[in-house]
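What the coordinates show
Chain by chain, the residues run as shown.
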Amino acid sequence: MQTLSEVTPHQRLIFLLKHQEGMTYEEIAKELGCSLGTVKKSVSRTVAKLREKLGVNNETENYVSYAAAGILR
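These numbers were taken from a predicted model, which means no experiment stands behind them.

Thresholds applied
- Residues numbered from 1 in each chain as written.
- Predicted model: local features only at pLDDT ≥ 70, side-chain atom pairs only at ≥ 80, totals over all residues.
- Heavy atoms only, no water.
- Core = buried A, V, L, I, M, F, W, Y, C linked by side-chain atoms within 4.5 Å.
- Buried < 20%, exposed > 50% of the residue type's maximum accessible area, 1.4 Å probe, protein only.
- Helix = DSSP H or I, 4+ residues; strand = E, 2+ residues; numbered from the N terminus.
- Contact = heavy atoms within 4.5 Å.
- Expected span 1.5 Å × (residues − 1).
- Arc of directions from axis to C-beta.
- Axes fitted to C-alpha atoms, helices over the stretch in contact; angles between N-to-C directions.
- Parallel < 35°, antiparallel > 145°, perpendicular 65-115°, else oblique.
- Left-handed = near helix turned anticlockwise from the far one by under 90°.
- Salt bridge = Lys/Arg side-chain N within 4 Å of Asp/Glu carboxyl O.

Counting residues in hydrophobic clusters, the biggest one holds 7 residues: Ile 14, Leu 17, Met 23, Ile 28, Ala 29, Val 39 and Val 43. When contributions to this core are tallied by element, the ones reaching two or more residues are α1 (9-19), α2 (25-32) and α3 (36-54). With residues near it in sequence (within four places) discarded, Val 43 still touches Ile 14, Lys 18, His 19 and Tyr 25.

Pasting the structure below:
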């Protein structure tokens, strides 16, 4: 949460609506009165900033998504 406080308030709001409240991109765009593209770009930029600040490696070679993990069971 401390790292999340380092992004703009608008980016933080959109990120939290998406990832904490579980709203869809469409719901967020409608609620905030902005375009779908704006919401998607904001989430993407916020994730990139968080990865950079937290030192998370952007390589995905060892990454298995939750959905894929279900398939592997």
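Next comes the rest of the account.
If you trace the backbone, Leu 16 turns up in helix α1. Under the relative-accessibility criterion, Leu 16 is labelled partly exposed at 21%. In the structure, Leu 16 is positioned 12 residues away from Leu 4 in sequence and 9.4 Å away in space, judged by C-alpha atoms.

With that settled, consider the side chain of Gln 11. Looking at the secondary structure, you find Gln 11 in helix α1. Setting aside anything within four residues of it in sequence, one finds Gln 11 in contact with Ser 42, Arg 45, Thr 46 and Lys 49.

In a regular helix each residue adds 1.5 Å, so 19 residues correspond to 27 Å; α3 covers 27 Å between its end C-alpha atoms and thus fits that length. Here α3 has its buried residues at Val 39, Ser 42, Val 43, Thr 46 and Leu 50. The buried side chains of α3 occupy one side of the element, clustering within an arc of 95° when seen end-on. Its buried side turned inward, α3 meets α1 and α2. At the exit of α3 stands Gly 55, carrying a positive phi of roughly 70°.

Two elements in contact, α1 and α2, have axes separated by 9 Å at closest approach and are oriented at 135°. Viewed along their axes, α1 and α2 adopt a mutual orientation that is oblique. For the crossing formed where α1 meets α2, the hand is right-handed. Facing α1, whose interface residues are His 10, Leu 13, Ile 14, Leu 17 and Lys 18, α2 presents Tyr 25, Ile 28 and Leu 32.

With that settled, the discussion passes to the pattern of salt bridges. Within the structure shown, the criterion is met by 1 salt bridge. Between Glu 6 and Lys 53 there is a salt bridge whose closest N-O contact spans 3.2 Å. Of this pair, Glu 6 sits in the segment before α1 while Lys 53 sits in helix α3, and the two are 47 residues apart along the sequence. Residue Glu 6 is classed as partly exposed on the basis of its relative accessible area, which comes to 47%.

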